[in-house]
Amino acid sequence: MFKGIYVQRTPHGVHGHRKASFVAASVVVMLLGASSVAFSQVTAQPQIGGGQETLQGSSSAPTAVLSLARAIELAMEGNPEVAAATRQVESTEGQVLQGRARPNPEIAYSLEDTRSKTRTQSIQLNLPIELGGKRAARTKAAEKAREQAQAQLIELKATVRADVAAAYFDVLTAQERLALARDSASLAKSSTDTVAKRVAAGKVSPVEETKARVAEAGIRVELAQAASEERNAMSRLSALLGRTTTMFAVLEGRADDLPAAPKLAELQAMILSSPSVARARLEVDRRQALTAVEQSKRAPDVTISVGMQRANEMQRNVLLFGVSVPIPVFDRNQGNLLEALKLEDKARDDLQAVTVRMYSDVAQAQERLVTIGAEIQALQQDVLPGAKSAYDAATIGFENGKFNFLEVLDAQRTYFTAKSQYLKALGEAHRAAADVDRLLGAPSNPGPIATQN
């Protein structure tokens, strides 16, 4: 409709041209008004980008530089889940201490006849003696429980370390995406100004200016979304560090510092020493120790009694000595022993299941890391240079009047879409590397993947 009005040469056509310009301007105002609220959040609120802005909600301007190694160290110190698991390990010391304790002796007093002349009083000390190796079995079971709690702490630390690495690179990727959105918004603003000048000079249709302003409004919305994603990424990283506010504005490293992709055979050799498999193996040992505890209970304990009896009628003291042994006729602890044996078998099955699942998960993570690495390489070598070259050529051609704005807009969209795909692939690569670290654990295994950058 605007093109038909634009080509009119009669005064009526001029009138229609002015009316079309007024309508186009009204549409632009409405579209820009719809995105002004979102864009105002970007310009009015402090952001993180390039180390010059700050996070929203920070009490002071964070200026310190945070490295990945320092972030992992802070997470080990301040993460609440790690602190809770550490307390769990400390609590198992009480189980070991209690398992080593011996049964308490008993003191007993008895009175026969309430008349003083014929009264008989007895006092004796009863000492239980555990037989069947109950104390040693109980102590070993408690020690295995302590070792399992320590293995759970190691597994949790590996998970937190991998989560911190993934969140760290998520922040770097979000910062790159925000910088891309800012560049896109700046270029869109420049293109809009150029189109407006050409419209004022009568070289292009006002429709081109309308398209430019609509595209600029959409890019401003994307800029607001990128800023929000960056704040969320920094908030997740701060939570992993055990902090409610962000104290770091600059992160060391780059999002394109790709992790290494080791061979699958190298990773599979580390599976048997991974935290998950180690914890499952310790569960088998603990269940074996508990089975030994139940077996030791089948041996009855002996109680030795030593005391003194005083008979007032005879006016003399009598030494008492006794031994009591329960007779295991009805209760031989057969039910508890059967349960312990079945749970021991279950622990072995769980160990087998964990081992098989680990082989599958490690293979999938390694395959994903290799695939994403190939995708990133293709984007770096072919897609991004070609899209950037096409966009630059379209921009220069538009400035020289050889291309219309629609072609420039299409080239710009193609380039920034490719760049966004590249940043997304970088994030996926770092998450895949973090999954490998989480599965295999870093401290006890050489060559951690996500944390070696």
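Please read these numbers as outputs of a predicted model, since none were measured by experiment.

**Q** How should the layout of surface pockets be read in this particular structure?
**A** Empty pockets left among the atoms are what a rolling probe the size of a water molecule brings to light. Put simply, the largest pocket is a space of about 240 Å³. Of all elements in the fold, only α5 (134-200), α6 (206-240) and α10 (405-440) reach the threshold of two or more residues within the lining of the largest pocket. Partitioning the lining of the largest pocket into residue classes produces 4 nonpolar, 4 polar and 4 charged.

**Q** Help me out: how do you make sense of empty space enclosed by the protein in this one?
**A** On inspection of all chains with the given rule, the structure shows 4 cavities of 30 Å³ or more. Its volume calculated, the second largest cavity comes out at about 50 Å³. Lining the second largest cavity are Leu66, Met234, Leu237, Ser238, Leu241, Arg243, Thr245, Thr246, Met247 and Phe248. Its residues assigned to classes, the lining of the second largest cavity shows 6 nonpolar, 3 polar and 1 charged.

**Q** Sorry if this is basic, but what is going on with the nonpolar core here?
**A** Ranked by size, the top nonpolar core spans 52 residues in total, and within it Leu66, Val164, Tyr168, Leu237, Leu251, Ile376 and Tyr422 carry the most contacts. Of all elements in the fold, only α3 (68-78), α4 (80-99), α5, α6, β4 (248-251), α9 (334-399) and α10 reach the threshold of two or more residues within this core. The leading source of residues in this core is α5, at 15 residues. Leave out the neighbours within four places in its chain, and Leu237 touches Leu66, Val164, Ala167, Tyr168, Val171 and Leu251. Core analysis: the next-biggest nonpolar cluster, separate from the first, contains 15 residues, Leu267, Leu351, Ala365 and Val436 among them.

**Q** It is not clear to me how the packing of aromatic side chains should be interpreted in this structure. Could you clarify?
**A** Each aromatic ring pair is specified by the distance between its two centres and by the angle formed by the two planes. Summed over the entire model, instances satisfying the criterion amount to 2 aromatic pairs. On the basis of an interplanar angle of 80° and a centroid distance of 5.7 Å, the ring pair of Tyr168 and Phe169 is categorised as edge-to-face. Geometry around Tyr415 places Lys388 over its ring, the cationic atom sitting 5.9 Å from the centre.

**Q** Which parts of the structure should I look at to understand the pattern of salt bridges?
**A** Where side chains of opposite charge bring their charged atoms close, a pairing between them can arise. Inspection of every chain in the model, using the stated rule, returns 24 salt bridges. A salt bridge links Asp301 to Lys134; the shortest N-O distance between them is 2.8 Å. Here Lys134 lies in helix α5 and Asp301 lies in the loop between α8 (275-296) and β5 (302-311), a separation of 167 residues in the sequence. Lys297 is the salt-bridge partner of Glu294, the closest N and O atoms lying 3.7 Å from each other. Of the residues examined, Lys297 reaches a relative accessible area of 43% and is grouped as partly exposed. Three or more residues joined by partner-sharing salt bridges are found here, namely Asp170, Glu428 and Arg431.

**Q** Mind showing me how you'd approach the environment of Val306 here?
**A** Following the sequence through the fold, Val306 ends up in strand β5. The spatial distance from the C-alpha of Val306 to the C-alpha of Leu319 is 7.8 Å, given a sequence separation of 13 residues.

**Q** Please clarify how the packing of α5 against α6 should be interpreted in this entry.
**A** Think of two packed helices as two axes; the pair is described by the angle between the axes and how far apart they sit. Their axes nearest at 8 Å, the elements α5 and α6 cross at an angle of 165°. Taken together, the axes of α5 and α6 lie roughly antiparallel to each other. Helix-helix and strand crossings are classified by hand; for α5 and α6 the assignment is left-handed. Here the contact of α5 with α6 is built from residues that sort into 22 nonpolar, 3 polar and 13 charged.

**Q** So what exactly am I meant to see when it comes to a nonpolar patch on the surface here?
**A** On the surface, a nonpolar cluster with roughly 1,100 Å² of combined accessible area is contributed by Ile107, Tyr109, Leu111, Ile123, Leu125, Val306, Met308, Leu319, Phe321, Val323 and Val325. Residue assignment for the nonpolar patch shows that the elements contributing at least two residues are β2 (106-112), β3 (120-129), β5 and β6 (316-324). Following the sequence through the fold, Met308 ends up in strand β5. Owing to a relative accessible area of 36%, Met308 belongs among the partly exposed residues under this scheme.

**Q** Is there a simple way to explain the confidence of the model for the protein chain in this structure?
**A** Detailed reading of predicted coordinates is not advised where the pLDDT is low. Here the protein chain averages 80 in pLDDT, while 83% of its residues score no lower than 70. Contacts for the low-pLDDT stretch residues 1-61, under 50 throughout, to residues beyond four places or in other chains number 68 contacts. Per-residue pLDDT stays below 50 along residues 443-448; that stretch engages in 8 contacts with residues further than four places along the chain or on separate chains.

**Q** How do you make sense of the pairing of β3 when you look at a structure like this?
**A** The side chains of a regular strand alternate, first on one face of the sheet and then on the other. Across 7 bridges, the pairing between β2 and β3 is antiparallel. Bridge assignment links Glu106 to a residue of β3, and that residue is Asn126. Here 10 bridges tie β3 to β5, and the two strands are oriented antiparallel to one another. Residue pairing for β5: Pro128 is matched across the bridge by Thr303.

**Q** Is there a simple way to think about the environment of Asp257 in this case?
**A** Following the sequence through the fold, Asp257 ends up in the loop between β4 and α7 (264-268). Taking the C-alpha atoms as reference points, Asp257 and Leu426, 169 residues apart in sequence, are found 8.7 Å from one another.

**Q** Mind showing me how you'd approach the sheet that holds β6 here?
**A** Strand pairing in a sheet relies on backbone hydrogen bonds, with the paired strands running either antiparallel or parallel. Here we have 4 strands laid out as an open sheet, ordered β2-β3-β5-β6, and antiparallel in their pairing. Two strands lie at the open edges of the sheet, namely β2 and β6, each paired on one side alone. The sheet shows a mean angle of 20° between the axes of neighbouring strands, taken without regard to direction.

**Q** What am I meant to see in the side chain of Arg146 here?
**A** Looking at the element boundaries, Arg146 is found in helix α5. Here the side chain of Arg146 touches Glu93 through a polar contact of 3.2 Å, side chain to side chain. Sequence-distant contacts of Arg146, defined by excluding residues within four places in its chain, comprise Thr92, Glu93 and Val96.

**Q** Even after reading the chapter, I still don't get the packing of α3 against α5, so can you show me in this structure?
**A** Contact geometry for α3 and α5: axes closest at 10 Å, N-to-C directions at 135°. Between α3 and α5, the angle is such that the two are oblique. Considering how the two elements wind past one another, α3 and α5 form a crossing that is right-handed. Touching Leu68, Ala71, Ile72, Ala75 and Met76 of α3 are Lys157, Val160, Arg161, Val164, Ala165, Tyr168 and Phe169, all from α5. When its residues are assigned to classes, the contact of α3 with α5 shows 10 nonpolar, no polar and 2 charged.

Cut-offs and rules
Residues numbered from 1 in each chain as written. Predicted model: local features only at pLDDT ≥ 70, side-chain atom pairs only at ≥ 80, totals over all residues. Heavy atoms only, no water. 1 Å grid on protein atoms, 1.4 Å probe; cavity = no way out; pocket = protein on both sides within 12 Å on 5 of 7 lines; lining within 4 Å. Points joined across faces, edges and corners; volume = space filled by probe spheres on them. Helix = DSSP H or I, 4+ residues; strand = E, 2+ residues; numbered from the N terminus. Nonpolar A, V, L, I, M, F, W, Y, C, P; charged D, E, K, R; others polar. Core = buried A, V, L, I, M, F, W, Y, C linked by side-chain atoms within 4.5 Å. Buried < 20%, exposed > 50% of the residue type's maximum accessible area, 1.4 Å probe, protein only. Contact = heavy atoms within 4.5 Å. Phe/Tyr/Trp six-rings, centres within 6.5 Å; stacked < 30°, edge-to-face > 60°. Lys NZ or Arg CZ within 6 Å of the ring centre and 35° of its normal. Salt bridge = Lys/Arg side-chain N within 4 Å of Asp/Glu carboxyl O. Axes fitted to C-alpha atoms, helices over the stretch in contact; angles between N-to-C directions. Parallel < 35°, antiparallel > 145°, perpendicular 65-115°, else oblique. Left-handed = near helix turned anticlockwise from the far one by under 90°. Patch = residues over 30% accessible without salt bridge, like charges linked within 9 Å, V, L, I, M, F, W, Y side chains within 5 Å. Areas by Shrake-Rupley, 256 points an atom, 1.4 Å probe, with all protein chains shown as cover. pLDDT = per-residue confidence, 0-100. Pairing = 2+ DSSP bridges. Polar contact = N/O pair within 3.5 Å; in protein donor to acceptor, adjacent residues only side chain to side chain.

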